[in-house]
Amino acid sequence: MDRFFDLSRQFIIANNREFKRYFLQKNDLSYRFNIVSGQRGVGKSTAMIQILLEYSKGDVFSNKILYVPTDHFLVGGTNIYTIAEEFYKLGGELICFDEIHKYKEWSMELKSIYDSFPDLRILASGSSALEIHKGSHDLSRRAIVYKMDGLSFREFLTIKENIDLDIISLDGILKNHEKAAYSVIETLKNKNLRVLPCFYEYLRTGFYPYFIKFNEESLMHLMLEQNIHTSIESDLTSVYGFITGETVRKIKKLLSVVASLVPYTPDLNALKDICGVSDHRTIKTYLSYIEDAGIIVQYQKSGNALDSLRKPEKIYLNNTSQMYAISADNSKNIGNIRETFFAQAVSPVHKLRIPKKGDFEVDGSYIVEIGGKNKKTGQINKTENSIYALDEIETGLKNRIPLWLFGFLY
């Protein structure tokens, strides 16, 4: 076990960070078996390491904790059940398996570990595509699954500028956005910062915590583009073992079409012909795979019909950093960028759908129209509970709310 303890300590020391995500504050991961899923690069590994260190009271060398990067070559020659068994015999109490979807028999062995060692706490992380109820060994009655999203605008400011900023609830934004915006603006002024330049930097690079490693945005975008390819070529094929190279090629073709048109109202017939598939079901399955990988998000039309029986009303890229990485000439796509930001900011904490009028319906209660500072109030002005989320303004008035402020929901 010495080599695994050494490996664990190396990873913990190298990847621990001082800042703790809101994800760790809102979710109670003290249950015996938890799985954290999320797209590549959102900070799952760091969160797991912080959980380990909190458990050991900061002692990196404690034999009660173990971090196991399952895609590391030192782990590849040993099954994870054996590692857990030896760790447990030595008095181990909390074991973390990172990138679990890369391990072929993850479902069966995690189930066996859970059943065999009742006093051992288990934490695992994996791709957004990780669906435990689809495995041959059912974990849905054993594990609690949490989804981890990228950084909010608030978290981005906290990491980059070392500023302590409070979360603002949706109700707080709707009722007191003038005061809330003023408070943030004044806090930033004390650091000689203006909110809108910070916001536009966040839109370009701030969704992924690893932005802090890059001095040049172009390098950050290159890394992100590579991660998108890896998510399709490696993560999806690890989770869905039946995906072939030809299927990957068609999925990437589909993504290239969707990415060039977002926000996109799907024409399944056109997509079927472009990708060379024979039926609508296959296209919907491919779209589901790309969404599972954390690259796109599909939103349904407002209403009560079963989502699974309908095609999505609109498709967006998952976040604005992705847009800047893979979409050409984003100066022409500012409307799309604004809508994508609103979706990425609000969807982790509230339900979004596409209404007949306006851009988004929030929790079935509010209709939101998104635009710039000169946005006219005609389209939804007579709609009850209508909101205008507007870019290019620092503060708003009445139902005209600064778009950036929705980045403080988590």
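In the block above lies the structure referred to throughout.
Residue positions are given per chain, counted from 1 along the sequence in the order it is written. Residue-level local features of this predicted model are given only where pLDDT is at least 70; pairs of side-chain atoms are given and counted only at 80 or more, and the full residue set underlies all totals for whole chains, interfaces and linings. Processing note: side-chain calculations cover all non-hydrogen atoms of the structure and skip hydrogens and water entirely.

J.: Quick question: what am I supposed to make of the environment of Glu155 here?
T.: The way it works is that DSSP assigns letters per residue, a run of H or I at least four long becomes a helix, a run of E at least two long becomes a strand, and they are numbered from the N terminus. The topology assignment puts Glu155 in helix 7 (residues 153-161). For the pair Glu155 and Phe207, spaced 52 residues apart in sequence, the C-alpha to C-alpha distance is 9.2 Å. Working rule for contacts: check all heavy atoms of both residues, and any pair within 4.5 Å makes them a contact. Beyond its immediate sequence surroundings of up to four residues, Glu155 is in contact with Phe19, Arg21, Tyr22, Gly150 and Tyr410.

J.: I would appreciate a short explanation of the sheet that holds strand 10 (residues 366-371) in the present structure.
T.: Remark on secondary structure: sheet strands pair via backbone hydrogen bonds, oriented parallel or antiparallel. The rule for pairing is simple: two strands pair if DSSP sees at least two bridges between them. Reading across the sheet, the 5 strands line up as 8-9-10-11-12 and stay open at both edges, with mixed pairing between neighbours. Both outer strands of the open sheet, strand 8 (352-353) and strand 12 (400-402), are each paired with one neighbouring strand and no more. The pairing of strand 9 (residues 360-362) with strand 10 spans 3 bridges and is classified as antiparallel. Looking across to strand 10, one finds that Val362 is bridged to Tyr366. Axis angles are defined between N-to-C directions and span 0 to 180 degrees, where every axis is a line fitted to C-alpha atoms and, for a helix, only to the segment in contact. Relative to strand 12, helix 8 (residues 170-189) is tilted by about 120°, and along the sheet it contacts strand 9, strand 10, strand 11 (386-390) and strand 12.

J.: Looking at this model, I keep getting lost on the nonpolar core. Mind explaining?
T.: Most often, soluble globular proteins keep nonpolar side chains buried together rather than apart. Counting residues in hydrophobic clusters, the biggest one holds 102 residues, and the most contacted among them are Phe153, Ile296, Phe342, Phe360, Trp404 and Phe406. Sorting elements by how many residues they give to this core places helix 8 first, with 8 residues. Non-local contacts of Phe342, meaning those with residues more than four positions away in its chain, are made with Leu352, Phe360, Val362, Val368, Ile370, Ala389, Leu403 and Phe406. Residues belong to a common nonpolar core when they are buried Ala, Val, Leu, Ile, Met, Phe, Trp, Tyr or Cys residues joined through side-chain atoms within 4.5 Å. Between buried and exposed lies partly exposed: a residue is buried under 20% and exposed over 50% of the maximum accessible area for its type, with that area taken using a 1.4 Å probe on protein chains only. Membership of the second largest hydrophobic core comes to 26 residues, among which are Val68, Phe87, Ile95 and Leu139.

J.: Can you help me understand the pairing of strand 1 (residues 33-37) in this one?
T.: Residues in a regular strand project their side chains so that they alternate between the two faces of the sheet. Burial within strand 1 is extensive, with 5 of its 5 residues counted as buried. A two-sided burial pattern is seen for strand 1, the buried positions comprising Phe33, Ile35 and Ser37 on one face and Asn34 and Val36 on the other. In this sheet, strand 4 (residues 121-126) lies alongside strand 1 in parallel orientation, the contact comprising 5 bridges. Bridged to Ile35 within strand 4 is Ala124. Where strand 1 lies against strand 5 (residues 144-147), 4 bridges are found, and the strand directions are parallel. Across the sheet, Asn34 pairs through a bridge with Ile144, a residue of strand 5.

J.: Any chance you could explain helix 15 (residues 334-346) here in plain terms?
T.: The periodicity of an α-helix, 3.6 residues per turn, causes residues three or four places apart in sequence to face the same way. The span expected for a helix works out to 1.5 Å for each residue beyond the first. When the terminal C-alpha atoms of helix 15 are compared, their 18 Å separation across 13 residues agrees well with the 18 Å that a helix rising 1.5 Å per residue should span. Counting buried positions along helix 15 gives 11 out of 13 residues, so the element sits mostly inside the fold. Along helix 15, the positions that sit buried rather than exposed are Asn336, Ile337, Arg338, Glu339, Thr340, Phe341, Phe342, Ala343, Gln344, Ala345 and Val346.

J.: I keep staring at the packing of helix 5 (residues 80-89) against helix 6 (residues 106-116) and nothing clicks. Help me out?
T.: Packed helix pairs are specified by the crossing angle of their axes together with the interaxial distance, meaning the distance between the axes. Running from N to C, helix 5 and helix 6 cross one another at 20°; their axes reach a closest spacing of 9 Å. Here helix 5 is positioned roughly parallel relative to helix 6, judged by the angle of their axes. Helix-helix and strand crossings are classified by hand; for helix 5 and helix 6 the assignment is right-handed. Taking contact as the criterion, the partners of Ile80, Tyr81 and Ala84 in helix 5 are, on helix 6, Glu109, Leu110, Ser112, Ile113 and Ser116. When residues are grouped by polarity, Ala, Val, Leu, Ile, Met, Phe, Trp, Tyr, Cys and Pro land in nonpolar, Asp, Glu, Lys and Arg in charged, and all others, Gly among them, in polar. Classifying every residue of the contact of helix 5 with helix 6 by side-chain character gives 5 nonpolar, 2 polar and 1 charged. Each angle receives one of four descriptions, namely roughly parallel if under 35 degrees, roughly antiparallel if over 145, roughly perpendicular if within 65 to 115, and oblique otherwise. Crossings are assigned a handedness: left-handed for a near helix turned anticlockwise from the far helix by less than a right angle, right-handed for a clockwise turn.

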